[in-house]
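# Survey of secondary and tertiary structure
So you can see what is in the structure, the chains are spelled out below.
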Amino acid sequence: EKPGSATKFLGMKTNSLLLAIVASLLVGGAAHSSRQRRRKKPGVLLIDGDDAAGAFPWSKVHSRVVEEAKGPGGASDEACVERAEELRRLIAEERYDDAIALSFALEEGVACREDEPLVDVAEYVVASIATPDFDASDDPASARPEERTEIHLKDKRVFHVVAAEGHRAKRTSAKNVPVVGFAIDSTFVLSESTLACKRTNSSSLLCDGAGRRGVPVKDAEAAASIAESLLLSSRKKTRTSRVVAPEGDQQVEEEGTEVLDLWNDGWAEEDLYAPLLSGGGELSPSATGTRTVLVMIVCPKLTNGATTDCSRVYDYNSEVVAQGGIENYMRDVAVNVGEPWLDHNSYGQLDLVTTLTPVLVADYDNAQCGNMDSLSWRFSDPGAMNSLARFAALDEGFDPDDFDYYGVIIPQCNGLGWAGLGFVAGPGFVVNLGSSRYDYLVYLHEFGHNIGATHASCITDGERGAVAYVPSNADWVEYCNPYSIMGAGGPLDGVGFGEFLSSNKELFGWLTALEVDAYDFARSGDPAQCASGCGPYLLQPVDVGTLDPSGGYAAIKVPCEEADFYLNLELRTLTTDEPGVLMTWTEFRGSSHDNTVVVDTTPLTTWSPRALGSYGLRLGFDDGILRDRGFTFYLDDGPQENYPLTVVASVEKIESRRRRRRGDLPGL
């Protein structure tokens, strides 16, 4: 192992820090809201149809097409062109719901189809995120990721996806996905809905979804239930989770699938889910057990038209030279540092086995690297960087399809503008190797995307993350959280530093969090206390590489007013400041989650970004840990302060008898 790895950092801790949390509700001083907790559901697209003359008062071109279509000559070419331009304008203005409604409003058979409405099961919906090159940025704190989502239809057509901010498809990848939307040009406008319905003469509906058409549904409420079930079924996933129970209960391993909220009246379950259950679900390979990754180290065949000297193509990086070449350097990144760091994060549940290729000569000119597609799904673009790497690897006897994951390492390409690019919840990432040790962070960050993680962010103004919503004018910093590899933390500060957050680890199946209902958001009058008295709860550290079945909860999550949003509490001991509780919140949907937001628990201090450990990045703050004091977080879904939750953290040292060998149960 590399000096300073897991053994050293675990050995530094002769005591284990445990956290007792008392969560009490502030009843007085805040007006209580009686409105129901909002439920974010995929919903149903209700199609008004051509006969609804006032359906689109803002769209004269739609009315013109409808009227002309009633005549013997049908809609004119001029009217159809105007309608297509109207759709493109709505897309440019990001009025996606209006564009979808307009596309679906024409009855079938109307000869005016520059656009193509679709209600079906897509083969894949694939999301990827590019991490900016902070080394090359004048203002790293303002850096934003490049996000891209593609839809792959079963007829093998591929479209770039546009969708509303926060859409489920923009942050994760899946296969056999029920979709509603329309294609125009090279773009697919994706609805949040999974079901499209038209009203009949009665209150019932005729609905299309998941490849089925014209199915009668009794009312809109029933249709909404089916729509939600369709979405859940596409996320269906079996996984083994580690459950940590307090007070001496035994650790158990449980395996199961999500329970679907299935409404079934005239739409047989086997018919409804047949297109989905034959291979539907999450794309990412399991993040538990023994998994394999192929790392393909690439050298471009040409540089500005001349043959590249592949023995020196990475020598601009002083660490590569110091370690005797790119193969030794990547072995240090991926094997010596990466594998123990992931083993530590997963409490021994992920055993990642890395295979590195020799330097592969890929058939492209490095001068054109910025104009190439870097990462194509399932190598669908033969000219993409990952496809060219695959061709070269096959020539050397390495097949990426034989591995659970793969990564591509390329010499620095300034034309790309990013340091790393990876699919979210799907295999495949590229590292645009820089000139510093920042590559260690980038490699594990992109691998984190592959197993489903998104970014660890912060809000630097206003409440600084102390309310569970993001104001429209918020000063958002995408990579701000210095406590997470998905933000600005990283492995070179030591094994245990910059770990995945507890919400990530729950997603990966590495731990199970205790869910504590602090409020009944649907109840009017005085707010309800926690059923269990709000604690105190005993938390054990999540960053020491082991979990103890009798050592308290691994993490606590408190539901917020907005459905699927949670405040997460976890005990961190390996931090740049005092050990204590780290508070983050995110939208968590069981099989995926959005960016996490770290809570600044010291909002009265001056915002002072620090240089982060080995990287020198000034992206975040280092005083967000809560210890031996209280902090009030608001569970609200807006700027009001109706649901205050005070968390009091008291840290005490308890003698530890932790054993460091994998497979041994730790003791306290």
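Residues numbered from 1 in each chain as written. Predicted model: local features only at pLDDT ≥ 70, side-chain atom pairs only at ≥ 80, totals over all residues. Heavy atoms only, no water.

### Brief notes about the overall build of the protein
To keep things clear, this is the line we draw: Secondary structure follows DSSP: runs of H or I at least 4 residues long count as helices, runs of E at least 2 residues long count as strands, and numbering of each begins at the N terminus. For each residue, the accessible area found with a 1.4 Å probe, counting protein chains only, is set against the maximum for its type, and the residue is called buried under 20%, exposed over 50%, and partly exposed in between. Two residues qualify as a contact provided that any one of their heavy atoms is within 4.5 Å of a heavy atom in the partner residue.
Across its full length, the protein holds 11 helices and 29 strands. When each of the 668 residues of the protein is scored for burial, the buried share is 57%. Intrachain contacts of the protein at a sequence separation of at least 6 include 69% that bridge at least 24 residues.

### Observations concerning the sheet that holds strand β22 (residues 514-515)
In plain terms, the rule: The pairing criterion is simple: DSSP has to find at least two bridges between the two strands.
Here we have 7 strands laid out as an open sheet, ordered β21-β20-β27-β26-β25-β24-β22, and mixed in their pairing. The open sheet terminates on both sides in strands that have one partner only, identified here as β21 (476-477) and β22. Bridge count for β22 against strand β24 (residues 556-559) is 2 bridges, and the pairing is parallel. Opposite Leu514, over in β24, you have Ile556 as the bridge partner.

### Remarks on the sheet that holds strand β2 (residues 45-47)
To keep it simple, the criterion reads: For every element, the axis is a line fit to its C-alpha atoms; helices are fit only across the contacting stretch, and the angle between N-to-C directions ranges from 0 to 180 degrees.
Taking strand neighbours across the sheet as the criterion, the 4 strands line up as β2-β8-β9-β10 in an open arrangement whose pairing is mixed. Since the sheet does not close on itself, it has two edges, and those belong to β2 and β10 (212-217), each with one partner. Geometrically, the sheet is characterised by an average inter-axis angle of 30° between neighbouring strands, direction not taken into account. Alignment of β2 against strand β8 (residues 196-199), held across 3 bridges, turns out to be parallel. Each bridged residue has a counterpart across the sheet, and for Leu46 the counterpart in β8 is Cys197.

### Notes on the confidence of the model for the protein
Under the convention used in this document: One number per residue, pLDDT, summarises how confident the predictor is, and it ranges from 0 to 100.
For the protein, per-residue confidence averages 77 on the pLDDT scale, and 73% of positions sit at 70 or higher. Scored below 50 in pLDDT, residues 610-619 shows 36 contacts in the model against residues more than four places distant or in partner chains. Contacts for the low-pLDDT stretch residues 656-668, under 50 throughout, to residues beyond four places or in other chains number 33 contacts.

### Thoughts on the pattern of salt bridges
Keep this limit in mind: One side-chain nitrogen of Lys or Arg within 4 Å of one carboxyl oxygen of Asp or Glu is enough to make a salt bridge.
Following the criterion strictly, the structure yields 24 salt bridges and no others. Between Arg64 and Glu78 there is a salt bridge whose closest N-O contact spans 3.4 Å. Of the two residues, Arg64 sits in helix α2 (residues 60-69) while Glu78 sits in helix α3 (residues 77-92), which places them 14 residues apart along the sequence. Taking the shortest distance from any N to any O, the salt bridge between Arg148 and Asp373 comes out at 3.7 Å. Here Asp373 lies in the loop between β16 (350-365) and α9 (385-395) and Arg148 lies in strand β4 (residues 146-152), a separation of 225 residues in the sequence. Taking relative accessible area as the criterion, Arg148 reaches 37% and is therefore assigned partly exposed. Under the relative-accessibility criterion, Asp373 is labelled partly exposed at 23%.

### Section: the packing of helix α8 (residues 326-345) against helix α10 (residues 438-450)
Keep this limit in mind: For classification purposes, an angle smaller than 35 degrees is called roughly parallel, one larger than 145 roughly antiparallel, one from 65 to 115 roughly perpendicular, and anything else oblique. By the definition used in this description, the sense in which the near helix is turned from the far one sets the handedness, with an anticlockwise turn below a right angle giving left-handed and a clockwise turn giving right-handed.
Running from amino to carboxyl end, α8 crosses α10 at an angle of 55°, the nearest separation of the two axes being 10 Å. The angle between α8 and α10 places the two elements in the oblique class. Handedness of the crossing formed by α8 with α10: right-handed. The segment α8 lies against α10, with Tyr329, Met330, Asp332, Val333, Ala334, Val337, Gly338, Trp341 and Leu342 engaging Asp439, Tyr440, Tyr443, Leu444 and Phe447.

### With respect to the nonpolar core
For the record, the criterion: Buried Ala, Val, Leu, Ile, Met, Phe, Trp, Tyr and Cys residues form a nonpolar core when they are joined through side-chain atoms within 4.5 Å.
Of all hydrophobic cores here, the largest spans 57 residues; its most connected members are Met330, Leu433, Tyr443 and Phe500. Counting only elements with at least two residues in this core, the list comes to β14 (289-303), α8, β16, β17 (405-410), β19 (429-432), α10, β20 (456-459) and α11 (502-508). Once residues within four sequence positions are removed from consideration, Tyr443 is found in contact with Val293, Val295, Met330, Val333, Ala334, Thr354, Phe429 and Val431.

### Side note on the side chain of Glu499
Rules: Any N or O atom pair separated by 3.5 Å or less is treated as a polar contact, with the protein-specific requirement of one donor-capable and one acceptor-capable atom, and with residues adjacent in sequence counted only for side-chain atom pairs.
Structurally, Glu499 is set in the loop between β21 and α11. Judged by its relative accessible area of 0%, Glu499 falls in the buried class. Polar side-chain contacts of Glu499 include one of 2.6 Å to the side chain of His344. Discounting chain neighbours no more than four positions away, the residues touching Glu499 are Trp341, His344, Asn345, Tyr483, Ser484, Ile485, Lys505, Val542, Asp543 and Arg572.

### Side note on the side chain of Ser128
Within the secondary structure, Ser128 sits in strand β3 (residues 115-132). Looking at Ser128, the relative accessible area reads 9%, which means it is buried.

### A few points about the environment of Arg89
With respect to the secondary-structure elements, Arg89 resides in helix α3. Accessibility expressed as a relative area gives 32% for Arg89, which makes it partly exposed. For the pair formed by Arg89 and Ala99, sequence separation is 10 residues and the distance between their alpha carbons is 8.8 Å.

### Some details on the pairing of β17
Counting buried residues along β17, 6 of its 6 residues qualify, which places the element largely inside the surrounding structure. Going residue by residue along β17, you find Tyr405, Gly407 and Ile409 tucked away on one face and Tyr406, Val408 and Ile410 tucked away on the opposite face as well. Note: β14 against β17, 5 bridges, orientation parallel. Looking at the pairing, Val293 lines up with Tyr405 of β17. Across 4 bridges, the pairing between β17 and β19 is parallel. In the strand pairing of β19, Val408 is matched with Val430.

### Digging into the state of the cysteines
Here is the rule we go by: Pairs of cysteine sulfur atoms within 2.5 Å are identified as disulfides in what follows.
Taken as a whole, this structure holds 4 disulfides when the rule is applied. A disulfide bridge connects Cys299 with Cys310, and the sulfur atoms are separated by 2.0 Å. Disulfide Cys299-Cys310: torsion about the S-S bond near -85°, hence left-handed. With Cys299 in strand β14 and Cys310 in the loop between β15 (306-307) and α7 (318-322), the pair connects residues that are 11 residues apart, well separated along the chain.

### What about unusual backbone geometry?
Across residues other than glycine, the phi torsion is negative in most instances, and most of the peptide bonds are trans. In this structure, Arg378 takes a positive phi of about 55° despite not being glycine. For Arg378, the location among the structural elements is in the loop between β16 and α9. Of note, Asp564 is a non-glycine position whose phi angle comes to about 75°, a positive value. Topologically, Asp564 is positioned in the loop between β24 and β25 (565-572).

### Section: the packing of aromatic side chains
Filter applied, for reference: Two aromatic rings, drawn from Phe, Tyr or Trp (for Trp, its six-membered ring), form a pair once their centres lie within 6.5 Å of each other, and the interplanar angle then sorts them: stacked below 30 degrees, edge-to-face above 60, tilted otherwise. Whether a charge sits over a ring depends on NZ of Lys or CZ of Arg being within 6 Å of the ring centre and within 35 degrees of the ring normal.
Scanning all chains against the criterion turns up 16 aromatic pairs. Taken together, a centroid distance of 4.8 Å and an interplanar angle of 80° make the contact between Phe521 and Tyr643 edge-to-face. Of this pair, Phe521 sits in the loop between β22 and β23 (537-539) while Tyr643 sits in the loop between β28 (629-634) and β29 (644-655), and the two are 122 residues apart along the sequence. Both residues of the pair, Phe521 and Tyr643, count as buried. Within the aromatic cluster, the residues linked to one another by ring pairs are Trp341, Phe500, Phe508 and Trp510. The ring of Tyr566 has Lys557 sitting right over it, with the charged end atom 4.6 Å from the ring centre.

### With respect to the packing of α2 against α3
Here is the rule we go by: Put simply, Ala, Val, Leu, Ile, Met, Phe, Trp, Tyr, Cys and Pro go in the nonpolar bin, Asp, Glu, Lys and Arg in the charged bin, and everything else, Gly too, in the polar bin.
Running from N to C, α2 and α3 point in directions that differ by 150°, and their axes come no closer than 9 Å. For the pair α2 and α3, the crossing hand works out as left-handed. Between α2 and α3, the residues in contact are Val61, Arg64, Val65 and Glu68 and Glu78, Ala79, Cys80, Glu82, Arg83 and Glu86, respectively. Looking at side-chain class alone, the contact of α2 with α3 contains 4 nonpolar, no polar and 6 charged residues.

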